[in-house]
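Understanding the architecture of this molecule
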Amino acid sequence: MKLELRGITKSFGPLVANDHIDLVIEPGEIHALLGENGAGKSTLMNVLFGLYDADSGEILLDDEPRTFSGPRDALGAGIGMVHQHFMLVPVFTVAENVMLGHESTKPGGVGMLDLDAARQRVRELADRFGFELDPDAVVEDLPVGVQQRVEIVKALARDAQVLILDEPTAVLTPQETDELIGIMRQLKEAGTSIVFITHKLREVRAVADRITVIRRGAVVGSASPEASETDLASMMVGRAVSLSLGKAPAVPGETTVQVRGLTVLDANGSAVVDDVSFELARGEILTLAGVQGNGQTELCEALLGLERPAAGSILLEGNELVGLSPKQVLDAGVGFVPEDRSVDGLVGDFSVAENLVLDLVHTKEFSRAGALDLAAIRKNADHRIQEYDIRTQSATQAAGRLSGGNQQKVVLARELSRPLKLFIASQPTRGVDVGSIEFLHRRIVAERDGGTPVLIVSTELDEVVELADRIAVMYRGRLVGIVPSDTPRDVLGLMMAGVPHDEATAQAAEHPTEAGHE
Amino acid sequence: MTAVDTRAPAAPPARTEPLTRRSWRAPIAFGVLGLAALVLFGLLGKSGEDTTFVISTDNDWVQIGPVSVPSQATAIVLGVLMLLLAAYAAWRAWNRQRPGVWVAALFGVLWVLSFLVWAVAGKSMSLVGLLQGSLILAVPLAFGAMGGLLNERSGVVNIAIEGQLLTGAFGAAVVASVTHSVYAGLIAAPVAGLVIGSLLALFTVKYRVNQIIVGVVLNVFAVGLTSFLFSSVLKPNAATLNSPPRMPVIDIPVLSGIPIIGPVLFRQTLLVYLLYVAVFVVTVALFRTRWGLRVRAVGEHPLAADTVGIDVQATRWRNVLLGSMVAGLGGAFFTIGSVGAFSQEMTAGKGYIALAAMILGRWTPVGALAAALLFGFSDKLQQVLGVLQTPVPNQFMLMLPYLVTIVAVAGLVGRVRGPAAAGEPYVKE
Amino acid sequence: MSDEIVGADASPTSGMPEPERAKAAPEEDRGQRALREIVSGDIGVSVLAFVLALVIGGLLIAFTNPEVTAAAHYFFAKPMDTITAAWNAVWDAYAAMFRGAVYNGQADTFQKAIRPLTETMTVATPLIIAALGVAVGFRAGLFNIGAQGQIILGATVGGYIGFAYSLPAGIHLLLALLGGILGGAIWAGIAGVLKARTGAHEVIVTIMLNYVALYLLAYLLTTDKFTRAGSNQPTSPGVKETAQLPLLLGDWSRLHAGFIVAILASIFVWWLMTRSVLGFRFRAVGSNPHASRTSGIGIPTTIVLVMVVSGALAGLAGGVHILGTEHQLTGGIAGSLGFDAITVALLGRSRPLGIFFAGLLYGGLNVGGRVMEAATGTPIDIVLVIQALVVLFIAAPPLVRAIFRLPTPRAAVAKGAAA
């Protein structure tokens, strides 16, 4: 089926998310939609899927103009979508999720569900593409990679002829990504067209037949998979970007952070952080690499005192942090940038000024005898807004209204605005525009150069490699190894799948993985 | 690949063996309660008294004479049995197992029995009357709870059950009075409930006002409206507008003659039989049909439902209206189902107990019915004991449903987990 | 936190009017804010919501009025009769309400004319204080539906100290008020502790505690300590004069020093929520508990503190009510104060100044309603209908705008699109 978008425009208030976008997806091709976070890719696909109404423009299927007033129309027309945030009901089984919305019912006309038919359909599709899927497993118990397959099966079960994959690799290991690429190729063989939305250059080059690049809501051009990464990157961000930060080598000082045998259990008693040990010196950056959900979040929470470890110790300049409350840990000189800033980093309804003192408001600087010192809070805000180039109308604007990059600057400004003995930042640039990424990275390196031990947690391999003085790889709660920052990407990729460093080096030499090419 | 199969396994990753903690909550609770019963009802109970339970009615096929037991000795025996159950639960806990529902249920029955033996010492009480009355009092609670869960399963919190019961009671009384027909009243009750339901849907679904706020305010509105109409219209015209006939008791042939069960379950009004049907139909509809699957999807993850083409807002509208009709039907109990005439604020907080029954029943119709029966039982017991002049102040009996609910939501008797999206308006571009 | 009855993330503020959420900045100039509210149409909506509620109330009054019904029988012969009768019924009722609530133009002395207003202030006093408590909860993201129970406990403890002990004037009053505060604080604290420790939803727990409090008081009133000697009526002895709140205007009015307490409480809550570190934390937790937690704010502690402060205010309201107005404990001491307080807090948009005026408005409706009932026979329950409708309409500005065919303000368009 040929899919064509003509002149799609969609604005949210003053923000134009899609500006006259034209796009043609030929039958049986894998068409990559490349763009930065916030470039408007997801908006475009939500328009196509009928979740958003476009302000103008038209959608054509096999040259017939169609209007989709909701997902039902899009599904009916043979368009399926695997959303970035899975659209699965966690408490339902795989079969129930797959059948939802187009349920097969038993004869009799009263709408009794025919679960057996649904189970059969799931098995059939899973078999055809060669993976296992238990139709009766409850979705919330499944690992993310499997949940994604449920999403794909869900779309295929409706005979989708065009499959939209929205950032499908964000939560996958490089090896799982390879498998997904395999599935995509099989689908293509079977005649399904695929729209592959991503901001990862390497994957695009590995799998796409054609590439369309979107920047700030508009199509800026198309490219072939043969184009170099640097070319694609500069198209994506609009200027020639140097992909490396060019930071000075680290000058590590005395080792002040010692984590020993840290173990965190989840509610079921399984170890989500399993006997993790590492050391960190003043003036160095240790990055923690790993696919999302391998215990990094819990490790950070344990370091901050949000989660009480079952075993292990965290020494900061000789003082034990285990057992302290988050407030005590912060007061001990730990700065923390959480991975999800809009949830954990900012109070969206609060003003920028208030957010800049969120964890400092009880200090002498900003309050006296339980009363806020509004003048000091205001002065601090003016100072930080200038220092960190935070683009806001005023210090009183609600922080939730700022762009992602500026929100992150607020969090970073707050956490770096006091003398630190340890700085932890999780996903410091997720969902941030390229200009801000550079700024944020430079601030982090500056903090290192000022002599603070820095721990960065990132699932973006690019960021890991860019910032690291040393790299620790985490897999299923354990540290697979701590390696130098010049370790090849495919070795890192294998380590992220749990392969020890030596083995990974050997394997990488034998079988270069597709996503791991440099 | 030699060392590692990079095909990620479909099964969950083999993590370290879960170290389930031993949960001592249940054995400790059983132990304390059992010991309290043993001491209070047994050892400190009145010695030398007998407790008499009447278990037959005149219409049963088989007549069983009243059963008399020595109060103190029986309570002691029951107390010891309870402690044995506690010991069993402790043994299960040591082996990292849960004690099982039947243990809790049996424990509850024993505890209540020992309490009854103690409270009725030296007197006589009709067991059939107690159970029959419990079921009757459970009717509005069960209907209300089902109305509530139909709402909440689709993601709309229904605090307004109280208001729906009240308008249902009002509508049933007025229409039954005017038409001289209880059946017309029975149809009017759900329609009256619909008044509150459509306001609830309008404000929560369409205008996305906070659901708890709307619920609380609608209860005030229902009290105001029915009281106003009562004082200004019903009172001056009581003979024509507020003298409804009452629902007759219908004996189900054969079944109603079974001892104990017959009179309790099958010698009731049509409303009770409707309740049986409603529990069955809602259970099947919610868990076995396409409609139910979609409703639950909307209540758990509305966006996911939307992406497969389910109209979230329409589903919620339908369910809120349907739920209000079920709750409204339950309201008919207060007037044509029992006393007849409507009076101001006659639901007296039963809607909130229905809300509690819904939670305690974990958002399932059968569970809600069980919880409603429990609350109905404690209410009836309070009435019976009040007449018998027993040592427990009846205010404490009246408190019981509310206390049980607090204990339940505090997770002391297991976690309750409601529909994930309940309370959240669905906002779509 | 999905294991709760209502979604844990259901922010209570999401149901409130938009500016409620956007206005987080403490240093924003009040004049600017007021101006913006008028421009964006919120005050206009409030006024229209009130008018709309009065109109619907008026329709109810007209439809149920016997003279109107009588005239309606020959509506087609003389339609003006029906319309005139309806107009008269509504006008008489609302005029009586105004006379009873604000100023009685028919009275012969100024004192008598102004007495209704002082009565309104008296009735509004506990409403304002309790609504402040509810509002503290709202702004910290907690639905304290249990003001009713907390008022009962406050009145019970405060009243008990007031009638059971003999102490010097002043100290006695102070202790009784403190007792009221403590009673309410503990009662709400139960819900707070359960929420903090087990995640039990405060809406359910506080609703249930309302009934527990009701029956607890009913039980106490059957005991010797709480009943008058030799009486088996469920009525307590009178509060001793040393524990009574002094009258402000002399014998001709019931207005007592509790009104000053209400003003002080309003100022206190304003300071607490906008100028104190504790209030900053309350608001932070209410707005985003996750970020608050990451910033070192102890969520369980904060939840308990919020409930304690909220309950303390409700308890104070109960204490003020018995020590200033009622002077004796009865089973129905709290009336529907606790539920009215919720609507007052909503109407006042959880802001102290708003609550102060909303409380006066509600007090006026209640007092005026009584006079209306006596003078015209219109049941006072119409007041409940009007009160409920006002809150509903205010919570849904788009509905009010649609009814009055008002254009949607530009700010709302942008906000709606960004959502």
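Quantities reported herein were computed from a predicted structural model and do not represent experimental measurements.

1. Examining the overall build of chain A
Across its full length, chain A holds 18 helices and 22 strands. Here the C-alpha atoms of chain A give a radius of gyration of 24 Å, agreeing with the 24 Å that 2.2 N^0.38 yields for 518 residues. By principal-axis analysis of the C-alpha atoms, chain A measures approximately 70 × 50 × 50 Å. In chain A, buried positions account for 52% of the 518 residues.

2. Thoughts on the UniProt feature "domain: ABC transporter" (unreviewed entry) in chain A
Residues annotated by UniProt as "domain: ABC transporter" (unreviewed entry) correspond here to residues 3-241 and 257-501 of chain A. As annotated, residues 257-501 of chain A has a helix share of 33% and a strand share of 26%, and its two end C-alpha atoms lie 24 Å apart.

3. Thoughts on the domain arrangement of chain B
Residue and element names in this part refer to chain B. Here chain B is partitioned into domain 1 (25-122) and domain 2 (128-409). Measuring from the centre of the C-alpha atoms in domain 1 to the corresponding centre in domain 2 gives 31 Å. Contact with domain 1, which involves 10 residues of that partner, is made by 10 residues of domain 2. Considering only residue class, the side of domain 1 that touches domain 2 consists of 6 nonpolar, 3 polar and 1 charged.

4. Here's the deal with the pairing of strand 7 (residues 162-166) of chain A
Residue and element names in this part refer to chain A. Most of strand 7 is tucked away: 5 of the 5 residues are buried. Of the two faces of strand 7, the one lined by V162, I164 and D166 and the one lined by L163 and L165 are each fully buried. Across 4 bridges, strand 6 (residues 79-82) lies against strand 7 in parallel orientation. When the sheet's bridge partners are listed, I79 is paired in strand 7 with V162. Pairing analysis gives 5 bridges linking strand 7 to strand 8 (residues 193-198), with the strands arranged parallel. Its bridge partner lying in strand 8, L163 is registered against I194.

5. Quick word on the interface of chain B and chain C
Each partner contributes residues to the interface: chain B has 47 residues there, and chain C has 51 residues. Sorting elements by how many residues they give to the side of chain B that touches chain C places helix 7 (residues 211-234) of chain B first, with 16 residues.

6. What to know about the sheet that holds strand 22 (residues 478-484) of chain A
All names here are of chain A. Taken in spatial order, the 6 strands of this open sheet run 16-19-20-13-21-22, and their pairing is mixed. The open sheet terminates on both sides in strands that have one partner only, identified here as strand 16 (334-337) and strand 22. On average, adjacent strands in this sheet sit at an angle of 15° to one another, irrespective of strand direction. Pairing between strand 21 (residues 470-475) and strand 22: 6 bridges, direction antiparallel. Bridge pairing in strand 22 places Y475 opposite R478.

7. A look at the domain arrangement of chain A
According to the domain assignment, chain A consists of domain 1 (3-237), domain 2 (244-333 + 419-486) and domain 3 (351-417). If you average the C-alpha positions of domain 1 of chain A and of domain 2 of chain A, the two centres end up 34 Å apart.

8. As for the interface of chain A and chain C
On the side of chain C, 25 residues touch chain A, which itself brings 31 residues to the contact. Every element with two or more residues in the side of chain A that touches chain C is listed here: helix 10 (326-331), helix 11 (341-345), strand 18 (371-372) and helix 13 (374-387) of chain A. Residues of the side of chain A that touches chain C, tallied by class, amount to 16 nonpolar, 9 polar and 6 charged.

9. Quick word on the environment of I161 of chain B
Residues and elements named next belong to chain B. By the element assignment, I161 lies in helix 5 (residues 161-179). In sequence terms I161 and L141 are 20 residues apart; their C-alpha atoms lie 9.6 Å from each other. Sequence-distant contacts of I161, that is, excluding residues within four places in its chain, are made with G144, G147, G148, A327, G351, A354 and L355.

10. Overview of unusual backbone geometry
Residues and elements named next belong to chain C. The phi dihedral of H327 falls on the positive side, at around 65°, and the residue is not glycine. Checked against the element boundaries, H327 lands in the loop between helix 13 (299-326) and helix 14 (337-347). Within the chain, R349 stands out as a residue other than glycine whose phi angle is a positive 55°. Considering the arrangement of structural elements, one finds R349 in the loop between helix 14 and helix 15 (352-376).

The rules behind the values
- Residues numbered from 1 in each chain as written.
- Chains lettered and ligands numbered in written order.
- Predicted model: local features only at pLDDT ≥ 70, side-chain atom pairs only at ≥ 80, totals over all residues.
- Helix = DSSP H or I, 4+ residues; strand = E, 2+ residues; numbered from the N terminus.
- Rg over C-alpha atoms; globule rule 2.2 N^0.38 Å.
- Buried ≥ 20, exposed ≤ 12 C-beta atoms within 10 Å, placed from the backbone.
- UniProt positions renumbered as here; feature names shortened; annotations may be inferred.
- Domains from an automatic or database assignment.
- Contact = placed C-beta atoms within 7 Å.
- Nonpolar A, V, L, I, M, F, W, Y, C, P; charged D, E, K, R; others polar.
- Pairing = 2+ DSSP bridges.
- Axes fitted to C-alpha atoms, helices over the stretch in contact; angles between N-to-C directions.

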